[in-house]
Amino acid sequence: FALAEMIHQHPRSQQTPILFISGVHLSACDLLQGYAHGAVDYLTVPIIPALLRAKVRVFVDLARKTAALQRESAERLHERALAYLAAADVFVFPSRTDTFGVVLLEALASGLPVAAFPVPGPADVVGAGVGVLAADLRAAALAALDIPGSLCREYALSMSWSASTRQFLENI
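Residues numbered from 1 in each chain as written. Predicted model: local features only at pLDDT ≥ 70, side-chain atom pairs only at ≥ 80, totals over all residues. Heavy atoms only, no water.

A. Layout of the packing of aromatic side chains. Taken as a whole and judged by the stated rule, the model has three aromatic pairs. Arranged with centres 5.3 Å apart and planes meeting at 25°, the rings of Phe20 and Tyr42 form a pair that is stacked. Taken as a pair, Phe20 in strand E1 (residues 18–22) and Tyr42 in strand E2 (residues 39–44) lie far apart in primary sequence, 22 residues in all. A single burial state applies to Phe20 and to Tyr42, both of which are buried. Ring centres of Tyr35 and Tyr42 lie 5.6 Å apart, and the angle between their planes is 90°; on these two criteria the pair is classed as edge-to-face. Classification of Tyr42 as buried rests on a relative accessible area of 13%. Clustering of aromatic rings is evident, with ring pairs tying together Phe1, Phe20, Tyr35 and Tyr42. (Phe/Tyr/Trp six-rings, centres within 6.5 Å; stacked < 30°, edge-to-face > 60°. Helix = DSSP H or I, 4+ residues; strand = E, 2+ residues; numbered from the N terminus. Buried < 20%, exposed > 50% of the residue type's maximum accessible area, 1.4 Å probe, protein only.)

Nothing here speaks to function; it is all geometry.
What follows is the structure in structure tokens.
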């Protein structure tokens, strides 16, 4: 069981299904202990190759289906986020401590002006004319309503990977 614990401690193999192979008859207590340490199934010797292939095929199929569901779920979440952005007039970033510059750029790329506190993060990302940084978020949001979405999108495009790479290369 120690090897199973070691396998599941590594981030790349935490979800790896483990088939235990045993040469002795195991009690229900032994089986439960194995499952508690990451076993997904047991095989006894002698190994029947067709049975081993069938079990592995099931786990491979489950892994593929799980990955497909995760991709589909992420796509749906992304579509919902885009729908919320499309329905908004201003992106209000109400944190004084988080520095999620990517969400600010996503909002700007969607044509949304940003209203945020004047703190690191928003102050580093939100350029002049595409957002309002103020201690009073209500006032900032109301003032941001007057900013044209086209300016926000244009500004966000200036922060693309290619633009950032170009800026980096020009300054080395």
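Next comes the rest of the description.
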